[in-house]
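# Topology and contacts: notes
Take a look at the letters that make up each chain.
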Amino acid sequence: MAIARSTDYRRIATEEGWITPEMMRMYLRILETKSIVDPGFYSLWGFFGTSQSERARLLFERIQDIGERRIADMEAAGIDMQLLMLTSPGVQIFDPETATALSISTNDTVAQAIRDRPDRYAGLAAIPPHAPQAAAKELERAVRQLGLKGGLINSHTQGTYLDDPHYWDIFAAAEALDVPIYLHPNTPPPQMIEPFLSRTLDAAIYGFAVETGLHALRLIVSGLFDRFPRLQIVLGHLGEGLPYWLSRVDFMHGGIVRANRSPGVRALQRRPSDYLRENFHYTTSGMAWEPPISYVQRVIGHDRVLYAMDYPYQYVPEEVAAMDALPLDAMQKRAFFQTNAERLFRL
Ligand code: 1DF
Ligand code: MN
């Protein structure tokens, strides 16, 4: 049974994955030829790309559609709008030139789908982090010319992290354009993944959160937000566990700084938890459960927690009714489903 459209708020889902058929064929070709070294890729896309299970086959169909089929699924779940992003690992597994070309072509494709249904779709720009200047340029083109709402980065790029100033042209561009960067998960890189694999803990079940939470903390302690104080990063999955760590990270980071324990850690202008409250937004993707949502709203703030479904990976239409029933007043619920997304992504 379809869930009714709400009259009180629009339901905007803010971490919704897609891929072009062309890129899916490139993924399948990597699976066949084993042309990259990335155990996480083979684990994740070996499953969704080739498993005959119902979950994998349905995902495979749904993720390649950004037209009417997806809109029918949204209708059945009561979702008014999706913020589309190129699914993980996206362009980042390719060489910088290929990644740049794929960013441009997929941004053009998603922009056309949005022009066809501006009532239903908005999108983020794929960018190639390992070509930082091209990434900054493509972010600017995608925002200014295509109307996309920010940048998407699927966490580490071939085992490297964005706290390296090598990448900071991207953040300079995002801050100048006043658009957020969505730091979406990727499977852990080769140097981290081994103990996850034999129990299939590498992807959405846990490995994503470990890897992406680490990435966000690296950004904070590197001083990135002292250099770019207005920069906004978006984390899915209620912040990959980090809101649970606010007080302990502050305590330990203070101790590490005061002891001058490591050249990689220096004094910051604010506490780590301040950056997590002032430079991050949090979506509920895959975490449609009241206790942690209420907790993050309480310790971070109602204005920084946004609804996301994580379609098509976690296409659970019933969760929308549970989200409608969150213990929120009318203003807070409208912020959660609609106005926080409208403000952050300038929808
Ligand atoms: C999965 C989950 C895959 C999410 C994703 O992209 C993803 C999954 C490849 O279930 O394996 O974006 N997610 O965000 O939770
Ligand atoms: Mn996702």
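First things first, this report covers the structure right here in the doc. (Residues numbered from 1 in each chain as written. Chains lettered and ligands numbered in written order. Predicted model: local features only at pLDDT ≥ 70, side-chain atom pairs only at ≥ 80, totals over all residues. Heavy atoms only, no water.)

### Let's talk about the sheet that holds strand β9 (residues 305-306)
Rule in force here: Strand pairing is assigned whenever DSSP detects at least two bridges linking the two strands. Going along the chain from the N terminus, every DSSP run of H or I of four or more residues is numbered as a helix, and every run of E of two or more is numbered as a strand.
Across the sheet, which stays open at both edges, the 6 strands sit in the order β4-β5-β6-β7-β8-β9 with parallel pairing between neighbours. For this open sheet the edge positions go to β4 (125-126) and β9, each flanked by a neighbour on one side alone. Here strand β8 (residues 280-283) runs beside β9; their pairing, made up of 2 bridges, is parallel. Opposite Y282, over in β9, you have V305 as the bridge partner.

### Points about the nonpolar core
Spelled out, the test is: The criterion is simple. A nonpolar core is a set of buried Ala, Val, Leu, Ile, Met, Phe, Trp, Tyr and Cys residues joined through side-chain atoms within 4.5 Å. For every residue, the accessible area obtained with a 1.4 Å probe (protein chains only) is divided by the maximum for its type, and the residue is called buried under 20%, exposed over 50%, and partly exposed between those limits. Here, residues are in contact when the closest pair of their heavy atoms is within 4.5 Å.
If you look at the biggest cluster of nonpolar residues, it comprises 107 residues, and the most contacted ones within it are L139 and F171. Sequence-distant contacts of L139, defined by excluding residues within four places in its chain, comprise A125, I127, G150, G151, I170, A173, A174, L177, V179 and I181.

### Brief notes about the site of ligand 1
What counts, and what does not: Being near a molecule or strand, for a residue, comes down to having at least one heavy atom within 4 Å of it. Any pair of nitrogen or oxygen atoms within 3.5 Å is treated as a polar contact; in protein, a donor-acceptor pairing is required on top of that, and neighbouring residues in sequence qualify only through side-chain atoms on both sides. Note on areas: Shrake-Rupley with a 1.4 Å probe; residue coverage comes only from the protein chains shown. Gly is placed with the polar residues, together with every amino acid not listed as nonpolar (Ala, Val, Leu, Ile, Met, Phe, Trp, Tyr, Cys and Pro) or charged (Asp, Glu, Lys and Arg).
The local shell around ligand 1 consists of E15, L44, F48, R55, T87, S88, H184, A204, F208, H237, D310 and Y313. Within the contact set of ligand 1, an oxygen atom lies 2.9 Å away from a side-chain nitrogen or oxygen of H237. For ligand 1, whose free accessible area comes to 360 Å², the fraction covered by protein is 93%. Of the residues that constitute the shell around ligand 1, the class distribution is 5 nonpolar, 4 polar and 3 charged.

### Notes on the pairing of strand β2 (residues 81-86)
Let me state the cut-off plainly: If you view a crossover with the strands going away from you and the path from the first strand over the helix to the second runs clockwise, you call it right-handed.
Among the 6 residues of β2, 6 are classified as buried, and the element is accordingly described as predominantly covered. Burial along β2 is two-sided: the face carrying M81, L83 and M85 and the face carrying Q82, L84 and L86 are both buried. Here strand β1 (residues 12-18) pairs with β2 via 5 bridges, running parallel. From the neighbouring strand, E16 faces β2, where its bridge partner is L84. In this fold, the crossover linking β2 to strand β3 (residues 121-123) by way of helix α5 (residues 96-116) has right-handed handedness.

### Here we look at helix α14 (residues 290-299)
Along an α-helix, residues three or four positions apart point the same way, because every turn accommodates 3.6 residues. Burial in α14 covers these residues: I293, V296, Q297 and V299. Immediately downstream of α14, the backbone of G301 shows phi near 135°, a positive value.

### Quick notes on the environment of E15
Mapped onto the fold, E15 is located in strand β1. For E15, a relative accessible area of 1% translates into the label buried. It is 6.6 Å that separates the C-alpha atoms of E15 and M309, two residues lying 294 residues apart in sequence. Apart from the residues within four sequence positions on either side, E15 is in contact with L83, M85, Y182, H184, G236, H237, T283, S285, A308, D310 and Y311. Engagement of the side chain of E15 in a polar contact is seen with the side chain of Y182, the distance being 2.7 Å. Engagement of the side chain of E15 in a polar contact is seen with the side chain of H237, the distance being 3.5 Å.

### Some remarks on the packing of aromatic side chains
Here is the rule: Pairing of aromatic side chains here covers Phe, Tyr and the six-membered ring of Trp, requires ring centres within 6.5 Å, and sorts the geometry by plane angle: under 30 degrees stacked, over 60 edge-to-face, intermediate tilted. Ring-over charges, as used throughout, are those where CZ of Arg or NZ of Lys falls within 6 Å of the ring centre and within 35 degrees of the ring normal.
Applying the stated criterion across every chain, the model contains 15 aromatic pairs. Ring plane angle 5° and centroid distance 4.9 Å describe the contact between Y9 and F337, whose orientation is recorded as stacked. You can see Y9 sitting in the segment before β1 and its partner F337 sitting in helix α16 (residues 330-345), a full 328 residues away along the chain. There is no split in this pair, since Y9 and F337 are both buried. Members of the aromatic cluster, each reached through a chain of ring pairs, are Y27, F41, Y42, W45, F47, F48 and Y313. Cation over ring: R11 sits above F337, and NZ or CZ is 5.9 Å from the ring centre. Its guanidinium or amino end placed over the ring of F60, R57 lies 4.8 Å from that ring's centre, counting from NZ or CZ.

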